[in-house]
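Single-letter residue listing:
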Amino acid sequence: MVDFNEKYCVESLEKLIGIDSTTGQYEEIQRFVCEILDGMGVSYTVTHKGGVIADLGGEGDPLVVTAHLDDIGLMVRHVNDDGTLNVCPVGGLYPFYCVTENVRVYTHSGKVYTGCVCRTPNSIHVTEDELCKVLGDFRSNVCVVLDEDVKSAADVRALGIETGDMIALEPRFTLSNGYIKSRFIDDKAAAAVLLTAIREIAAGKTDLKRKVYAYFAMYEEIGHGTTWLPEGVKDILAVDIAPTGPDQNSDEHKVSIFAKDSRFPYHLGMTRELRNAAEKAGVDYVMDIFTPHYGTDADASVLAGYDIRHAAIGFGTANSHGYERTHVDGLRNTYALLCAYIASGLR
């Protein structure tokens, strides 16, 4: 297999995860990626709605490789009379995966306040037994409590907090014995893998047999990250998490090639090319299917009407859309398959 710069990849991942980027809140992470590409001498364009498309070179039959940089999170839905915040999810976030998490509230003026996602009532010791066992939805008994001395809606609004403000969850990145644990491994680990590959391509260490673009999308979590593509694109390859579970083949140490997700099967011919590339390169891979709540930006491009083939690969990841976990081996195998495929010229 090709060499994998694990140190660069993991450090890039930690930096990406450290930047709050709830879907729609893309400016800071977009600038960060552009600065990295500038440092590599890689040309790129910035899309109007938010996104970065890097031109990696090569000639003929363009391929887009995409990884998304937006995170799931929350938004202020209503300022409650008691000074707490009623919230709604941005992307597929569920209450049981974020209650007790620390958050940052981003106001329209640019001020940032900290707080915590709490259930109401919030103390087990003074709550009836039947209520202790129940966790409803965001509207009924979940709120954000600010780390401010606020007792009313007026107090909160005096801080500049209002309906529509974005709320980012604390990611809590950690690395232990090769296991990476953090929120937003989906999909910043894929972006780190892609940046690692770009670094090698920019250094002339990977020979491209076709035109390749790297697309860092910003709206995947709400379904329209790559609904616009550069002219002439023939294929799109999404790099995203491969959720683990009782009926799944995906493994945190391996790369998965996706056969199907909740929308439809991936292109059979392109999927076969990925399998052949994995086997030829000696990559540790599995085939898997992800239903009923999964899709990638490759799907979005097909649904946008582009006449393209689409496929997806990714590292096995546990606890999707919660406090996620993967292993550096999974990133290594994903990197190896990505590099093998874009250097294969198969199309």
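Residues numbered from 1 in each chain as written. Predicted model: local features only at pLDDT ≥ 70, side-chain atom pairs only at ≥ 80, totals over all residues. Heavy atoms only, no water.

Draft legend 1. Expanded view of the sheet that holds strand β18 (residues 324–327). Pairing is antiparallel across the open sheet formed by three strands, whose spatial order is β10-β11-β18. Taken across any chain shown, the strands that pair with only one partner, and hence form the sheet edges, are β10 (174–176) and β18. Ignoring strand direction, the axes of neighbouring strands in this sheet form an average angle of 20°. One ladder, built from three bridges, connects β10 with strand β11 (residues 179–182); its direction is antiparallel. Looking across to β11, one finds that Ser176 is bridged to Tyr179. The strands touched by helix α9 (residues 328–342) within the sheet are β10, β11 and β18, with β18 carrying the most contacts at an inclination of about 65°. (Pairing = 2+ DSSP bridges. Helix = DSSP H or I, 4+ residues; strand = E, 2+ residues; numbered from the N terminus. Axes fitted to C-alpha atoms, helices over the stretch in contact; angles between N-to-C directions. Contact = heavy atoms within 4.5 Å.)

Draft legend 2. Just the side chain of Thr326, in detail. When you line up the elements, Thr326 lands in strand β18. Here Thr326 falls in the buried class, since its relative accessible area comes to 0%. A polar contact is formed between the side chain of Thr326 and the backbone oxygen of Gly316, at a distance of 2.7 Å. (Buried < 20%, exposed > 50% of the residue type's maximum accessible area, 1.4 Å probe, protein only. Polar contact = N/O pair within 3.5 Å; in protein donor to acceptor, adjacent residues only side chain to side chain.)

Draft legend 3. Quick peek at the layout of surface pockets. What the largest pocket holds in volume is close to 740 Å³. Considering the residues around the largest pocket, the lining is formed by 32 residues, among which Pro243, His293, Tyr294, Ser320 and His321 are closest to the centre. Taken as a whole, the second largest pocket holds about 190 Å³ of empty space. What lines the second largest pocket is a set of 12 residues, among which Val2, Asp3, Lys205, Thr206 and Cys339 lie closest to the centre. Residue contributions to the lining of the second largest pocket peak at four residues, all from α9. The class makeup of the residues in the lining of the second largest pocket is eight nonpolar, one polar and three charged. (1 Å grid on protein atoms, 1.4 Å probe; cavity = no way out; pocket = protein on both sides within 12 Å on 5 of 7 lines; lining within 4 Å. Points joined across faces, edges and corners; volume = space filled by probe spheres on them. Nonpolar A, V, L, I, M, F, W, Y, C, P; charged D, E, K, R; others polar.)

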